Every structure is written in C-alpha cells, then in structure tokens.
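A closer look at the structure
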Amino acid sequence: PNRKEAIAIGWYDENCMLRYSNRSIYGVMETEPSRYYWNINNISSSDLDGFNQELRKLLDSIRSEAAAGGSLRKFAFGNTSGPTFQTIFALAQCTPDISKQSCSDCLVGAFGDIPNCCDGKEGGRVYRPSCYFRFEVYRIIDPTTVKQLPSPPPIHSPPPSTNTTNISQGTYEQRICMYTPLHT
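The following paragraphs examine the structure supplied in this document. (Residues numbered from 1 in each chain as written. Predicted model: local features only at pLDDT ≥ 70, side-chain atom pairs only at ≥ 80, totals over all residues. Heavy atoms only, no water.)

Re the overall build of the protein chain
The secondary structure content of the protein chain amounts to three helices and eight strands. Listing every helix and strand of the protein chain by position from the N terminus yields β-β-β-α-β-β-α-α-β-β-β. Put simply, the protein chain has 184 residues, and 43% of those count as buried. Residue pairs in contact within the protein chain that sit at least 24 positions apart in sequence constitute 71% of those at least 6 positions apart. Only carbon and sulfur atoms are counted for the fraction: they give 50% of the accessible area of the protein chain, which is about 10,900 Å². (Helix = DSSP H or I, 4+ residues; strand = E, 2+ residues; numbered from the N terminus. Buried < 20%, exposed > 50% of the residue type's maximum accessible area, 1.4 Å probe, protein only. Contact = heavy atoms within 4.5 Å. Areas by Shrake-Rupley, 256 points an atom, 1.4 Å probe, with all protein chains shown as cover.)

See below:
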C-alpha cells in the first residue's frame, strides 16, 4: 500500500499467466522478471549437437508462427525429429497485446536463456512477462485442446468520435490460458 508501483506476475499450472500492475502494461513488451525451469534428464553427449540443431530450427519455426498471431492469440506449438529418432516437442506464446516484432524479440531473448537454464537437458521452459516457451522430449500439449479462434469480424470504419479514452493509466490484467499440459 505504500508503493507507487507494483507489478505481480503469477505463472499457474504451466499454462496460464496472470499479470497486473498499477501502471499501463498493455502493449508494452517486458522481459523481466524472468524464470526458468529444466528437465533433470540430460541429452547424451553424442546426441547433443544434433539435438540443439533441431531444437533451434523448431523454436525458430514456432517463434515466427506465434509472433504472426493476431490480437486474440500469439501461440504456436510443434515437434520435430531429433537425433536417434527422438521427438522434440515445443510451444511458444506471447501476450496477444504486443506487436509481432515485440513478440519475436521477446521469444528470441527467451531462447537465449537456454544456456543458463537448460543446455544439454531434455526439456526446459523460460517465463517472461510478455512471452513463454517450453520444450520437452515428451508430448506437452494435446492439440485437440487448443480451441480454434473465431473468424475476425469484418472491418468497418467507425463513426467519428468526439470522446477520447485514456488507457495510459489504471490497472490492467492479462490472463492468458491456451492449452492443457499433459504432464505437470
């Protein structure tokens, strides 16, 4: 109560983020605070280079797809074959209020945390206020639980307005829940 600014971020059940602040956070890409977690199992040293190469390709692909999402959802998932026929699964998401470029930048930065969190591991995840990604060697999402978004309504020119709305102040809440993980 004695603070002029407060930001709280909660990442729940690995699939939902709640973020609130007493300042405008809408449309603002933020990278801190960040958290990361890793799978305790290691990739064999003989497979590590091939695993990392395929993981990078997969993450780049889902980054592009998530960033290209619209104002309702910036989310993507996929999988690829790793070395020794091992499948790598990954997902990425950004808060839908940020721009395509900001989403891409946020995820590139989060991917850059791999050496700090999960290099050589079978899985890992990085949470940031504006984006999140996860990868594992087991299925982490049931594609049938991802709801299709409705088609956007046709764009009509709004009538001229004499009223203006100031959204640069106040409390905002973002709750992004998009899938149900198979494992916790």
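Things to note about helix H2 (residues 100-111)
Across its 12 residues, H2 extends 16 Å between first and last C-alpha, which sits within 8% of the 16 Å expected from 1.5 Å per residue. Within H2 the residues assigned to the buried category are Ser102, Cys103, Ser104, Cys106, Leu107, Ala110 and Phe111. The secondary structure elements touched by the buried residues of H2 are helix H1 (48-67), strand E4 (74-81), strand E5 (87-94), helix H3 (114-117), strand E6 (124-127) and strand E7 (131-136). (Expected span 1.5 Å × (residues − 1).)

Observations regarding the state of the cysteines
Scanning all chains against the criterion turns up three disulfides. In this model, cysteine 94 is linked to cysteine 103 through a disulfide, with the two sulfur atoms separated by 2.0 Å. Here cysteine 94 and cysteine 103 share a disulfide; its torsion about the S-S bond, 85 degrees, makes the bridge right-handed. Each member of the pair, cysteine 94 as well as cysteine 103, carries the same accessibility label: buried. The disulfide partner of cysteine 117 is cysteine 118, and the gap between their sulfur atoms is 2.2 Å. As far as burial versus exposure is concerned, cysteine 117 and cysteine 118 are alike and both buried. (Disulfide = S-S within 2.5 Å.)

Structural notes on the sheet that holds E6
Spatial ordering of the open sheet is given by E3-E6-E7-E5-E4, a layout of five strands whose pairing is antiparallel. Each edge of the open sheet is held by one strand with a lone partner, namely strand E3 (35-38) and E4. Neighbour-to-neighbour, the strand axes of this sheet turn through a mean angle of 10 degrees, independent of strand direction. Where E4 meets E5, eight bridges bridge the pair, whose relative direction is antiparallel. Bridging from a neighbouring strand, serine 81 pairs with threonine 87 of E5. Against the sheet, H1 touches E4, E5 and E7, its axis set at about 155 degrees to E4. Of the strands in this sheet, E4, E5, E6 and E7 are in contact with H2, which crosses E7 at around 45 degrees. (Pairing = 2+ DSSP bridges. Axes fitted to C-alpha atoms, helices over the stretch in contact; angles between N-to-C directions.)

Here's the deal with the packing of aromatic side chains
Scanning the entire structure with this criterion turns up six aromatic pairs. Residues tyrosine 37 and tyrosine 127 carry aromatic rings whose centres are separated by 5.8 Å and whose planes lie at 85 degrees to one another, so their mutual orientation is edge-to-face. Here tyrosine 37 is found in strand E3, whereas its partner tyrosine 127 is found in strand E6, with 90 residues between them in sequence. Residue class for tyrosine 127 comes out buried when judged on its relative accessible area of 6%. (Phe/Tyr/Trp six-rings, centres within 6.5 Å; stacked < 30°, edge-to-face > 60°.)

Examining H1
Every α-helical turn comprises 3.6 residues, leaving residues that sit three or four positions apart pointing alike. The end-to-end C-alpha distance of H1 is 28 Å, a good match for the 28 Å that 20 residues give at a rise of 1.5 Å each. Three or more residues of H1 are buried, namely Phe51, Glu54, Leu55, Leu58, Leu59, Ile62, Arg63, Ala66 and Ala67. Tucked inside the fold, the buried residues of H1 contact E4, E5, H2, H3 and E7.

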